[in-house]
Structures are given as structure tokens and as C-alpha cells.
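An overview of the molecular structure
Below are the chains, spelled out letter by letter.
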Amino acid sequence: MDEFFEICRETGIPDPEDFRGKCETLRTLLVEGNKVCNLTRILAEEEFFLKHVVDSLLLAVEFPELTKTTIFLADVGCGAGFPSLVLALAFPAWKICAIDSTGKKSDCVRGTAQTLKLKNLTALHGRAVELNRKAEFHGRFDVVTARAVAPSYKLAAETTAFLKESGFYAFYKTPEQAKEELPILARDGRRGHLPAAVVREAVGVADGRTMQSVVGVGDGVGRKRCTIDDRQDLLMKTRLPRQ
């Protein structure tokens, strides 16, 4: 549990013990939810806290400015509710929209949020690419995140309208996935398939626009902090100026 309490301190969670209790309730609810829908096989206590809770909080570790304000966040392909449920528990000021194309999963996340009395999380059943066409979702979110869903270039292409002008994507990726996907993101940016290139500074600049660096924060299994210069990419952040 040392890792858990360390990340609570880093992210400014005021009462780690209370937060831990809420996360343990979340784990219990998921054990029950698994009987209805295949949500996650990671439910043993130690593994749950490391691979789900700590991993979900890495967003706040790398971008601590987010914890000091109210943000609107979309979690695409929320699955069992990671990172959305953990972030909603940790940061009550955040307004989170958890989206999944599988109705049973979005229903489970909605029910879990209601049991946990989370008033800052809404669960939606729908495909992001279809919601992207609806005016109510245009320019709505400060952050669009996804964890263990689709390739980054596909997610970016399907949710381009979600972001506010100052918004950014935060995709949880293993280093191997990021290494494979980044050149494709850069290529699609150059070809105009995305509104702007999703690239690291090290990859280059496309469309004459300077993009912010992709940031690496871990390996998706255990915490493995690294600096921006290490280029070990898990959480991929970039700003996509809207056209």
C-alpha cells in the first residue's frame, strides 16, 4: 500500500484513509458487478490498488494543475470505470462523463456511481464516433482520456469535436503501444486526417504547428515514473487546436 499512499500525497487527496475506504467499496462493488458483466479480472486487493487505482491517478500526478480547478473530462471506453470512477472519487470538483458502447458496462458504472453517491459522474451508453457528431458534445471537454481501448490515432480521429480549444487528450498507453502509434499519429496529421498532428517534439512538427510533447508516466503494470526526456510513453498528452 505504500505506493497508494504516496500517490495520494502527490495528488493532494486530503484524506487518504477515507479515499482508500471508498476504493475498497468500489472493489467490492466490482466483484458483484462481475457476476453480471465481465468487467475486470483484476480484483485481488493489492493488484486492484496498484493496477487500477494508482494507475488511474497518474493523470493527476503528471498534470497537477488539473487538481486545482474544475474540469470536464470524457473517459472513452470506460469499461469497468477506470480511470473515471477513481478520478471521480479522488476529485469531487471534476465533472466526468464515462462513455462505453456496451450497455451493460455503462449501466454497471452508472450503478456503481450511484451507490458511491458520486454526483460528479455521468455514465453514457454510446459510441464516441457517433456522439462526436452531436452538437451537445462539441467543445465540451477539457480532457479526453481512454485506457486500454483503441489506438490513439483512432481515438483522436473519432473525438475531435469533444475538446475545448484549450483541451487535450490523455491516453493511457504502454511504452510499446506508444512507440508504435506515434509515427502513425504524425503521418495522419501531415495528411490532414486529424485536425492537427498528435506528435512528440522528437517526432517533428506537422501542419506548421508546434505540438506539446507526449509525456511518459508509467508502464501500466507498476508505477514507473519517468521524465519527459525519457520518452517512455504511457500517458500521452497533446493539445489539438480545433480548426
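The model shown is predicted, which means the values in this text are computed figures rather than measured ones. Residue indices follow the written sequence of each chain, beginning from 1 at its first position. Local features in a predicted model are, by the rule used here, given only for residues with pLDDT of at least 70; side-chain atom pairs are given and counted only at 80 or more, and totals for whole chains, interfaces and linings are based on all residues. Note that water and hydrogens are dropped before the side-chain values are worked out from all heavy atoms of the structure.

**Notes on the confidence of the model for the protein**
As a per-residue quantity, pLDDT reports the predictor's confidence and falls between 0 and 100. Summarising the model, the protein shows a mean pLDDT of 77, and 73% of its residues fall at 70 or more. Averaged over each element, pLDDT in the protein is lowest for strand β6 (residues 235-239) (44) and highest for strand β2 (residues 95-100) (98). In this text, helices come from DSSP runs of H or I with a minimum length of four residues, and strands from runs of E with a minimum of two, each type numbered from the N-terminal end.

**Focus: the side chain of Ser56**
Looking at the element boundaries, Ser56 is found in helix α3 (residues 45-62). Two N or O atoms count as a polar contact when they lie within 3.5 Å, although within protein this holds only if one can serve as hydrogen donor and the other as acceptor, and sequence-adjacent residues are included solely when both atoms are side-chain atoms. Here the side chain of Ser56 touches His52 through a polar contact of 2.7 Å, landing on its backbone oxygen. Not counting the four nearest positions on each side in its chain, Ser56 is found in contact with Phe82, Pro83, Val86, Leu87 and Tyr172. Contact criterion: two residues are considered in contact whenever any of their non-hydrogen atoms come within 4.5 Å of each other.

**Focus: unusual backbone geometry**
In terms of backbone geometry, most residues other than glycine have negative phi values and most peptide bonds are trans. In this model, Phe82 is joined to Pro83 through a cis peptide bond whose omega is 10 degrees. Residue position: Pro83 is located in the loop between β1 (72-76) and α4 (84-90). The phi dihedral of Lys117 falls on the positive side, at around 60 degrees, and the residue is not glycine. Mapping Lys117 onto the fold places it in the loop between α5 (103-115) and β3 (121-125).

**So, the pairing of β3**
Alignment of β2 against β3, held across five bridges, turns out to be parallel. Directly across from Asp100, in β3, lies its bridge partner His125. Handedness of the crossover joining β2 and β3 through α5 is recorded here as right-handed. Note: two strands are recorded as paired if DSSP finds a minimum of 2 bridges between them. Convention used here: a crossover is right-handed provided that the path from the first strand, over the helix, to the second strand proceeds clockwise when the strands point away from the viewer.

**Quick notes on the packing of aromatic side chains**
Describing an aromatic ring pair means giving the distance of the ring centres and the angle of the ring planes. Within 6.5 Å between ring centres, the rings of Phe, Tyr and Trp (the latter by its six-membered ring) count as paired, and their orientation is classed by plane angle as stacked under 30 degrees, edge-to-face over 60, tilted in between. Applying the stated criterion across every chain, the model contains eight aromatic pairs. Ring plane angle 75 degrees and centroid distance 5.9 Å describe the contact between Phe48 and Phe82, whose orientation is recorded as edge-to-face. Here Phe48 is found in helix α3, whereas its partner Phe82 is found in the loop between β1 and α4, with 34 residues between them in sequence. Given the relative accessible area of 0%, Phe48 is considered buried. Residue Phe82 is classed as buried on the basis of its relative accessible area, which comes to 4%. Note that Arg20 overlies the ring of Phe49, its terminal NZ or CZ placed 5.3 Å from the centroid. Relative accessible area decides the class of each residue, using a 1.4 Å probe on protein chains only: under 20% of the type maximum gives buried, over 50% gives exposed, and in between gives partly exposed. Any Lys NZ or Arg CZ that is within 6 Å of a ring centre and within 35 degrees of that ring's normal is treated as a charge sitting over the ring.

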